[in-house]
Amino acid sequence: MKKLLTFLSFLLITGFHAQNLKAFSIPEGYKKIAEAKGDLDKDGQDEIVWAFDTDIIASEIQHSSGKKDYQRVFYILKNTDNGLKIWKENSTLLFSSETGFYPEDNILELGIKNNSLNVRQQFFTNSRHTQSYKHTFRFQNGDFYLIGSQDTFDDTCDFSFTDAINFSTGKVVIDKEYSSCDEETKVPKNFHKEFTYKLQPLIKMNHFKIGEHKIKIPGSKEYFIF
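Given the structure is predicted, the values throughout are model-derived calculations rather than measurements.

J.: What am I meant to see in the environment of His135 here?
T.: In this structure, His135 sits in strand β8 (residues 129-140). Expressed as a C-alpha distance, the spacing of His135 and Asp151, which sit 16 residues apart in the sequence, is 8.8 Å. Setting aside its immediate chain neighbours within four residues, His135 contacts Leu93, Leu117, Asn118, Val119, Leu146, Gly148, Ser149, Phe208 and Ile210.

Following this line, the structure appears as structure tokens:
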């Protein structure tokens, strides 16, 4: 009975909250570029996540394509009887539309798995190097928090570096693999390290910007930057 009452109370609070959310309609001039659907708050109802190129100029970057560089935003939407409502809006996580060396090949993927939101972004930093990020957010304690970060930096010939952390368990993995397209080149030894780091408190989604946080790697002068 106690569990039933708790669940019913949760539904009532959730329903009341949804009624007070702002109605959503796609802003004029926005272009949808990615989407995901799934249950983020374990209420049995799927939320919708849409990402957009806005009509706001992010920078004066000029590429050969002649395209303008637009800011990006994503919305987490509640699907209610009265239409879509804005549950969360974020304009700090996504890179702008013309980021990188070959922006036409950039990747932005949204996904919902295990009641958590995954945001994957990839772009070329030059003709040989690819930068990939995956960030995972979970709704808890009334907000969305960063619970996972993975950063992969690849060279077409020489290396593949991956730094990953699960903030729920505290497990950190540092992995550096080396190779070469030149048979005569001396290839450095691969490096792999695992350790535990507990981040307290967790970072709220709308307070997080890529590259503004770092962790000292034990036994090394290097940092895991996320």
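J.: Help me out: how do you make sense of unusual backbone geometry in this one?
T.: Among all residues except glycine, the phi angle is most often negative; among peptide bonds, the trans geometry is most common. In this structure, the amide linkage connecting Gln200 to the following residue, Pro201, adopts the cis form with an omega of -10°. Residue position: Pro201 is located in the loop between β12 (191-196) and β13 (214-216). Notably, Asn114 is not glycine yet its phi reads approximately 55°, a positive angle. Position of Asn114 among the secondary structure elements: in the loop between β6 (107-113) and β7 (116-124). Judged by relative accessible area, Asn114 falls into the exposed class, the value being 64%. One non-glycine residue, Asn115, lies in positive phi territory at about 65°. Judged by its relative accessible area of 23%, Asn115 falls in the partly exposed class.

J.: Looking at this structure, how should I read the sheet that holds β12?
T.: Strands pair in a sheet through their backbones, by hydrogen bonds, and they do so in one of two ways: parallel or antiparallel. With respect to topology, seven strands assemble into an open sheet ordered β6-β7-β8-β9-β10-β11-β12, the strand pairing being antiparallel. Of all the strands in the sheet, just β6 and β12 have a single pairing partner and so form its edges. The sheet shows a mean angle of 10° between the axes of neighbouring strands, taken without regard to direction.

J.: Mind showing me how you'd approach the sheet that holds strand β3 (residues 47-59) here?
T.: A sheet is described by the order of its strands in space; here five strands give the open sequence β1-β5-β4-β3-β2, paired in antiparallel fashion. Strand pairing shows two members of the sheet lacking a second neighbour, β1 (22-23) and β2 (31-38), which therefore form its edges.

The rules behind each value
- Residues numbered from 1 in each chain as written.
- Predicted model: local features only at pLDDT ≥ 70, side-chain atom pairs only at ≥ 80, totals over all residues.
- Heavy atoms only, no water.
- Helix = DSSP H or I, 4+ residues; strand = E, 2+ residues; numbered from the N terminus.
- Contact = heavy atoms within 4.5 Å.
- Buried < 20%, exposed > 50% of the residue type's maximum accessible area, 1.4 Å probe, protein only.
- Pairing = 2+ DSSP bridges.
- Axes fitted to C-alpha atoms, helices over the stretch in contact; angles between N-to-C directions.

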